[in-house]
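Each chain, letter by letter, is given below.
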Amino acid sequence: MFKDGNDGYTMLEAICEAKRCLNCKVPQCKKGCPISNDIPDWIHELSMGNLGNAMALINAKSSLPAVCGRVCAHERQCEGHCILNKKGEPIHIGKIEQFIADFDSDMKLTHENILPKNRGRVAVIGSGPAGLTVAGELARNGFAVEIFEMEPEPGGVLMFGIPEYRLPKEVVRREIKKIEQLGVVFHCNTTIGNGYTVDDLFHHGFDAIFMGTGTGRPKKLDIPGSNLVGVRQAIYFLRRVSLYNSGYLKREEVHVKEGDKVFVIGCGNTAMDAARTALRFGASEVNVVYHRTVDEMSALRAEYDDAVNEGVKFMWKSSIVEILDTDGVLDRVVIESEGERVVYPADKVIMAVGSKPASRIVSTTHGIDVDGKGYVITRDVPYGMTTRKGVFAGGDVTNRPATVVHAMHDAQKVAEGIIRYVDAIKLLDTIDKPVDEKE
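1. Considerations on the environment of K169
Then step 1. Note that K169 resides in helix α10 (residues 169-180).
Then step 2. Each C-alpha atom, one on K169 and one on E253, is 20 Å from the other, the two residues being 84 residues apart in sequence.
Then step 3. Separated by 2.3 Å, the side chain of K169 and the backbone oxygen of I162 make a polar contact.

Below is the structure:
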């Protein structure tokens, strides 16, 4: 009944799919990829059975291929731009990338050389897609990198925000292991901003600091009854599920119980994740309530189709206008649709209406400016540096990316900015030293 995002190609299936590629002179698939992955090149290598060459080409552009192969918005990016998509038969680029990355990992084909870490020290706050990408890029360029993560395991949204059925956690752990093998050091259960600040990191000798803290504060809707115990934010619910699946929580600590009638507000990919996860956790009925139409939802069509196939119901042009209770226990919702209000029995309400950055680091650090919505302001030269010298930011905390691969692309540019900055201050420091001291 439920779809498993870990289903992949066999060797024969992958090579047959690769041979469908037309190897276009002007590959539109590459134009559709935010990181300009050399897609036709590594597909061609796979079609000839050259798995090592294919993986090397992917690694040149992507730090998280096994992740991207599973959760990228392929229908809007590479596959959506494939010339064969005009006939409705695009190359399944995501599944091919997933196969290559999984095969490479299972066979332990790739072994990257580790450069001496003598170019500088960089602290990375947060280990989501942006933080991992920055860490990997810098480590490959001779930097000593340490990642500080508040959760018990690294991975950020990859580990605690995307459901297991879409992105198996062992895949995330495997990708993180590759970053660790580059010499990156991880500090988990370590929150920067609460007792240990950005200033403390500088005092411990880091040349630059990267903030990849994402958007951890959910947005809220001002609905009567939204403060009831049975109302939760989607990112909170998904995080609790991931913690339970990883053995950090008990089943009763997860929001949705067996037999619950659940209503999800919102219609983005996070709403799809919450709805489908609620069904997997035993909900008897899940309704997604959205104030617009199916054609206006931000969720991928593939995610919507999978949700429908799994039994999620949708209420279009509808809004929950009140959440009701009996003796403090949520038991009903009032839904308005085209001017008519109807009361429905309900056990849980999950809000999936977006999120915004937490202020934990900004509020404890002098000189980091944010815009009116709380997003960190950065500059273009060096790319990604905040208004505080030596502190960089990227990913969702700057309100630029929208997906994992967009966060990776932004992080790659920030890594270049950090390299330029640290190299410059090291050069100036050398120039300022007496000649005999330099020798």
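2. Let's talk about unusual backbone geometry
Then step 1. Here the bond from V381 into P382 is cis, since omega is -15 degrees, no more than 30 degrees from zero.
Then step 2. Within the secondary structure, P382 sits in the loop between β15 (378-380) and β16 (383-386).
Then step 3. Not every positive phi belongs to a glycine, and K317 is a case in point at roughly 50 degrees.
Then step 4. Along the polypeptide, K317 turns up in the loop between β9 (313-315) and β10 (318-326).

3. Some details on the packing of aromatic side chains
Then step 1. Evaluated as defined, the whole model comprises 9 aromatic pairs.
Then step 2. Geometrically, the ring pair formed by Y244 and F281 is edge-to-face, given 5.7 Å between the ring centres and 70 degrees between the ring planes. Within this pair, whereas Y244 is found in helix α12 (residues 234-245), its partner F281 is found in the loop between α13 (269-280) and β8 (285-289), the two being separated by 37 residues in sequence.
Then step 3. Take F281: its relative accessible area is 11%, and that puts it in the buried class.
Then step 4. Of the aromatic side chains, those joined through ring pairs into one cluster are Y290, Y304, F314 and W316.
Then step 5. Cation over ring: K95 sits above Y9, and NZ or CZ is 4.5 Å from the ring centre.
Then step 6. Here R280 stacks its cationic end above the ring of Y165, 3.8 Å away from the centre of that ring.

4. Some remarks on the packing of helix α3 (residues 39-47) against helix α7 (residues 93-107)
Packed helices, taken two at a time, are described by their axes: the angle between them and the distance between them.
Then step 1. Across the interface, α3 lies against α7 with an axial gap of 11 Å and an inter-helix angle of 60 degrees. Taken together, the axes of α3 and α7 lie oblique to each other. Where α3 crosses over α7, the handedness of that crossing is left-handed. Of the residues in α7, those touching α3 at I39, W42, I43 and L46 are I93, I96, E97, F99 and I100.
Then step 2. Taken together, the residues that form the contact of α3 with α7 break down as 8 nonpolar, no polar and 1 charged.

5. Describing the sheet that holds strand β12 (residues 340-345)
Then step 1. The sheet built from 3 strands is open, its strands ordered β10-β11-β12 with antiparallel pairing. Unpaired on one side and paired on the other, β10 and β12 mark the two borders of the sheet. Direction aside, neighbouring strands of the sheet carry axes that sit 25 degrees apart on average.
Then step 2. Relative to strand β11 (residues 329-337), β10 runs antiparallel, the two being bridged by 8 bridges. The residue of β11 that forms the bridge with D325 is L330.

6. Observations concerning a nonpolar patch on the surface
Then step 1. Together, L427, L428 and I431 make up a nonpolar patch on the protein surface, roughly 310 Å² of accessible area in all.
Then step 2. Residue position: L428 is located in helix α15 (residues 404-432).

7. Remarks on the state of the cysteines
Then step 1. The full count for this structure, using the stated rule, is 0 disulfides.
Then step 2. Summary of cysteine pairing: C29 is not part of a disulfide, and the nearest cysteine sulfur, belonging to C21, is at 6.3 Å.

8. Examining the pattern of salt bridges
Then step 1. Here the structure, examined in full by the defined rule, presents 25 salt bridges.
Then step 2. Across the pair K61 and D38 runs a salt bridge, and its minimum N-O distance is 3.5 Å. Here D38 lies in the loop between α2 (28-32) and α3 and K61 lies in the loop between α4 (51-59) and α5 (65-71), a separation of 23 residues in the sequence.
Then step 3. Judged by its relative accessible area of 25%, K61 falls in the partly exposed class.
Then step 4. D38 sits in the buried class, given a relative accessible area of 15%.
Then step 5. The salt bridge partner of D199 is R388, with a shortest N-O separation of 2.7 Å.

9. Side note on the pairing of strand β13 (residues 348-351)
Then step 1. Both faces of β13 are covered, namely the face carrying K348 and I350 and the face carrying V349 and M351.
Then step 2. Pairing of strand β7 (residues 261-265) with β13, which is carried by 4 bridges, proceeds in the parallel orientation. Within β13, the position partnered with I265 by the bridge is M351.

10. Remarks on the pairing of strand β2 (residues 144-148)
Then step 1. Most of β2 is tucked away, with 4 of its 5 residues classed as buried.
Then step 2. As defined by bridge partners, strand β1 (residues 121-125) adjoins β2 across 5 bridges and the pair is classed as parallel. Note that in β2 the partner of V122 across the bridge is V145.
Then step 3. Taking the sense of rotation as the criterion, the β-α-β connection linking β1, helix α8 (residues 129-140) and β2 turns out right-handed.

11. Section: the side chain of R276
Then step 1. The topology assignment puts R276 in helix α13.
Then step 2. R276 has contacts with K3, Y165, E303, D306, A307, E310 and V312, leaving out every residue within four places of it along the chain.

12. A short note on the environment of T326
Then step 1. With respect to the secondary-structure elements, T326 resides in strand β10.
Then step 2. Looking at T326, the relative accessible area reads 40%, which means it is partly exposed.
Then step 3. Residues T326 and I235 lie 91 residues apart in sequence; the distance between their C-alpha atoms is 27 Å.

13. Points about the sheet that holds β13
Then step 1. Reading across the sheet, the 5 strands line up as β6-β13-β7-β8-β9 and stay open at both edges, with parallel pairing between neighbours. With partners counted over all chains shown, the strands left at the sheet margins are β6 (231-233) and β9, one partner each. Strand-to-strand, the axes of this sheet are offset by a mean angle of 25 degrees, without reference to chain direction.
Then step 2. Sheet strands in contact with α13 are β7, β8, β9 and β13, and its direction is about 170 degrees off that of β8.

Calculation notes
Residues numbered from 1 in each chain as written. Predicted model: local features only at pLDDT ≥ 70, side-chain atom pairs only at ≥ 80, totals over all residues. Heavy atoms only, no water. Helix = DSSP H or I, 4+ residues; strand = E, 2+ residues; numbered from the N terminus. Polar contact = N/O pair within 3.5 Å; in protein donor to acceptor, adjacent residues only side chain to side chain. Phe/Tyr/Trp six-rings, centres within 6.5 Å; stacked < 30°, edge-to-face > 60°. Buried < 20%, exposed > 50% of the residue type's maximum accessible area, 1.4 Å probe, protein only. Lys NZ or Arg CZ within 6 Å of the ring centre and 35° of its normal. Axes fitted to C-alpha atoms, helices over the stretch in contact; angles between N-to-C directions. Parallel < 35°, antiparallel > 145°, perpendicular 65-115°, else oblique. Left-handed = near helix turned anticlockwise from the far one by under 90°. Contact = heavy atoms within 4.5 Å. Nonpolar A, V, L, I, M, F, W, Y, C, P; charged D, E, K, R; others polar. Pairing = 2+ DSSP bridges. Patch = residues over 30% accessible without salt bridge, like charges linked within 9 Å, V, L, I, M, F, W, Y side chains within 5 Å. Areas by Shrake-Rupley, 256 points an atom, 1.4 Å probe, with all protein chains shown as cover. Salt bridge = Lys/Arg side-chain N within 4 Å of Asp/Glu carboxyl O. Disulfide = S-S within 2.5 Å. Right-handed = clockwise from strand over helix to strand, strands pointing away.

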